[in-house]
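# Remarks on the overall topology
Here are the chains, one letter per residue:
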Amino acid sequence: MDYQPVLDRIHAALQPVIGQGKVASYIPELANVAADQFGMAVVDVAGNVYAVGDAGKRFSIQSISKLFALTLAFQREGDSLWTRVGREPSGNPFNSLVQLERENGIPRNPFINAGALVITDMLASRSVNAAQSLVDFVRKLAGVADITYNTRVAQSEISTSSRNAAMAHFMKSFGNLHNKVGEVLHAYCHHCAIEMSCVELARAVGFLANHGVNPWNGETVVDPSSAKRLSALMLTCGTYDAAGDFAYRVGLPAKSGVGGGIVAILPGECGICVWSPALEESGNSHAGSLALEMFTSLTRRSIF
Ligand code: DON
């Protein structure tokens with residue numbers, strides 16, 4: 001399918017809403033990003049690229065990195081991973097602490113901050129430099145050699161990470177964090193600070209659209225049933241307490257980040273990424289959510 005006319009139509013239709021919402025400012029460095037930007041890319045499993053607006057501009061992927069971290073940890077740990085983190089939607093904001101005490105330090109899912117900290121802890125137990133091993137993994141997934149993190153953004157988050165530090169200490173008290181809190185936070189904030197463009201991200205999730213095989217080098221990243229499972233988690237947990245509404249409106253597995261990016265997958269067909277920095281209350285990109293909703297309505301392609 002030629003997705004270009006669809007992307008052009010979405011871009012034109014969304015002009016009045018681009019910039020509506022709030023750019024994340026709790027990580028000070030992210031507050032410097034101009035709100036009125038918008039890019040969208042579709043990369044199909046044959047490698048055709050369709051792009052519009054700022055689709056080539058790199059931005060802070062933030063929580064989208066949790067998808068790559070989970071994939072790498074799942075590759076290494078397999079199903080034993082689920083003894084330390086759940087796979088149910090949280091129904092709470094991404095940075096909420098409230099469920100952790102009642103649920104004995106086991107986070108609801110790998111996409112909320114607490115869950116991603118546990119996943120990063122797993123990566124840290126198996127590599128000297130967990131953030132760099134994730135960067136290397138993402139470079140391979142996207143087939144782009146110069147992807148890296150922005151140290152200013154990472155440092156900005158580290159210096160304001162009291163809330164994530166509280167979660168990490170709390171989980172350590174339950175024995176669910178094996179490495180030093182400072183080390184886990186350092187790795188976590190660095191992988192959240194990875195910068196990629198829409199085109200690069202749409203390529204990087206190609207393995208999920210392609211049933212676990214990286215379309216760019218033919219390597220098996222995960223087996224087909226694991227690809228199905230990771231995608232299912234994106235659908236149920238990838239956009240936090242808005243996941244139900246997102247599934248209703250968009251109907252695609254997706255993962256968002258407070259940098260304003262959202263990646264989505266049309267299984268068997270393509271990876272999709274949209275970026276616009278101004279966010280809704282839930283922490284998902286406002287124009288980005290609308291763009292994906294328009295995409296599935298106009299193309300009549302979704303998982304339903
Ligand atoms: O830990 C944080 O708060 C950020 N590094 C990532 C949060 C995020 O992207 C949530 N997504 N919507």
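Residue positions are given per chain, counted from 1 along the sequence in the order it is written. In keeping with the model being predicted, local features are shown solely for residues with a pLDDT of at least 70 and side-chain atom pairs are shown and tallied solely at 80 or more, while totals for entire chains, interfaces and linings include all residues. To get the side-chain values, all heavy atoms of the structure are used, and hydrogens and water are removed first.

Attention now moves to unusual backbone geometry. For Q62, which is not glycine, the phi torsion reads 45° and is therefore positive. Segments assigned H or I by DSSP are reported as helices when at least four residues long, segments assigned E as strands when at least two residues long, and all are numbered from the N terminus. In this fold, Q62 is placed in the loop between β4 (59-60) and α2 (65-77). With a phi angle near 55°, H211 is a residue other than glycine that sits in the positive phi range. Secondary-structure assignment places H211 in the loop between α10 (206-209) and α11 (224-237). Relative accessibility decides the category of a residue: with a 1.4 Å probe and only protein chains considered, values under 20% of the type maximum give buried, values over 50% give exposed, and everything between is partly exposed. Taking the relative accessible area as the measure of exposure, H211 reaches 46% and is therefore partly exposed.

Residues are called lining when one of their atoms sits within 4 Å of a cavity or pocket point, these points coming from a 1 Å grid over the protein atoms alone, where a cavity is a set in which a 1.4 Å probe fits but cannot get out and a pocket is an open set with protein on both sides within 12 Å along at least five of seven lines. Grid points are joined across faces, edges and corners, and a volume is the space filled by probe spheres set on the points. Across all of its chains, the model carries two cavities of 30 Å³ or more by this definition. Here the largest cavity defines a volume of roughly 70 Å³. If you trace the largest cavity, you find 13 residues lining it, with S96, Q99, L100, I112 and A114 closest to the centre. At three residues, the largest contribution of residues to the lining of the largest cavity is made by helix α3 (residues 98-102). Classes in brief: Ala, Val, Leu, Ile, Met, Phe, Trp, Tyr, Cys and Pro nonpolar; Asp, Glu, Lys and Arg charged; the others, Gly included, polar. The residue makeup of the lining of the largest cavity, split by class, is nine nonpolar, two polar and two charged. Put simply, the second largest cavity is a space of about 40 Å³. Together, Y26, Q62, S63, K66, F94, N113, E157, Y188, C192 and V258 line the second largest cavity.

A few words on the pattern of salt bridges. Whenever a carboxyl oxygen of Asp or Glu lies within 4 Å of a side-chain nitrogen of Lys or Arg, that contact is scored as a salt bridge. The tally for this structure, following the rule as stated, stands at 11 salt bridges. In this structure, the salt-bridge partner of D146 is R58, at a minimum N-O distance of 2.7 Å. Pair noted here: D146 is in the loop between α5 (130-142) and β5 (148-149) and R58 is in the loop between β3 (49-53) and β4, with a separation of 88 residues, a long-range link. For D121, the salt bridge goes to R84, with nearest N and O atoms at 2.7 Å. With D121 in helix α4 (residues 113-126) and R84 in the loop between α2 and α3, this pair connects stretches of sequence that are 37 residues apart. One network of salt bridges, in which partners are shared, links R58, D146 and E200.

It is worth spelling out the environment of T120 at this point. Of note, T120 is situated in helix α4. C-alpha of T120 to C-alpha of Q155: the two residues are 35 residues apart in sequence and 17 Å apart in space. Engagement of the side chain of T120 in a polar contact is seen with the side chain of H191, the distance being 2.9 Å. Here a polar contact is taken to be a pair of N or O atoms separated by no more than 3.5 Å, where protein atoms must pair a possible hydrogen donor with a possible acceptor and residues adjacent in sequence count only if both atoms sit in side chains.

On to the site of the ligand, then. Around the ligand lies a shell of 14 residues, among which Y26, Q62, S63, E157 and Y188 are the nearest. Separating an oxygen atom of the ligand from a side-chain N or O atom of N113 is a distance of 3.0 Å. Shrake-Rupley sampling with a 1.4 Å probe provides the accessible areas, and residues are treated as covered by the protein chains on show and by no other component. In the complex, the protein chains occlude 99% of the 340 Å² of accessible area that the ligand would expose alone. Judged by its atoms lying within 2 Å of the grid points, the ligand is housed in the second largest cavity. For the shell around the ligand, a count of residues per class yields six nonpolar, seven polar and one charged. Nearness here has a simple test: a residue counts as near a molecule or strand if at least one of its heavy atoms is within 4 Å of that partner. Assignment of a molecule to a cavity or pocket requires that more than half of its atoms lie within 2 Å of the corresponding grid points.

Only Phe, Tyr and Trp rings take part, Trp by its six-membered ring, and two of them pair if their centres are within 6.5 Å. Stacked means planes under 30 degrees apart, edge-to-face means over 60, and tilted covers everything else. The final tally for this structure, using the stated rule, is seven aromatic pairs. Note on F59 and W275: the rings are 5.0 Å apart at their centroids and 5° apart in plane angle, and the pair reads as stacked. On the criterion of sequence distance, the pair formed by F59 in strand β4 and W275 in strand β9 (residues 270-275) is long-range, its members being 216 residues apart. The residues F59 and W275 share a single accessibility class, namely buried. What links up through ring pairs into an aromatic cluster is the set Y3, Y50 and F295. Either the NZ atom of lysine or the CZ atom of arginine qualifies as a charge over a ring when it sits within 6 Å of the ring centre and within 35 degrees of the ring normal. The ring centre of W82 lies 5.3 Å from the NZ or CZ of R87, which sits over that ring.

Turning next to the packing of helix α7 (residues 162-173) against helix α8 (residues 181-192). α8 packs onto α7 with a crossing angle of 135° between their chain directions and a minimal axis gap of 10 Å. Viewed along their axes, α7 and α8 adopt a mutual orientation that is oblique. Crossing geometry of α7 relative to α8 is assigned as right-handed. In contact with N164, A165, A168, H169 and K172 of α7, α8 contributes V181, L185 and Y188. The axes used here are C-alpha line fits, helices contributing only the stretch in contact, and every angle between their N-to-C directions lies in the interval 0 to 180 degrees. Angular relationships are summarised with four words: roughly parallel below 35 degrees, roughly antiparallel beyond 145, roughly perpendicular across 65 to 115, and oblique for the angles in between. Handedness of a helix crossing follows the sense of rotation of the near helix relative to the far helix, less than a right angle counterclockwise being left-handed and clockwise being right-handed. Whether two residues are in contact is decided by their heavy atoms, any of which lying within 4.5 Å being enough.

Assigned domains of the chain: these are domain 1 (4-61 + 194-299) and domain 2 (63-191). Facing the 42 residues of domain 1 at the interface are 41 residues of domain 2. Summing the contributions of domain 1 and of domain 2, the shared interface buries around 3400 Å²; its carbon and sulfur component is 69%. Listed by contribution, the elements that provide at least two residues to the side of domain 1 that touches domain 2 are β6 (194-196), α9 (198-204), α10, α11, β7 (254-256) and β8 (261-266). Among the elements that line the side of domain 1 that touches domain 2, the one with the most residues is α11, at six residues. Class assignment for the residues of the side of domain 1 that touches domain 2 results in 23 nonpolar, 11 polar and eight charged. Throughout, the edges of the domains are those of an automatic or database domain assignment. By buried area we mean the combined loss of accessible area, with a 1.4 Å probe, across both parts when two parts are placed together.

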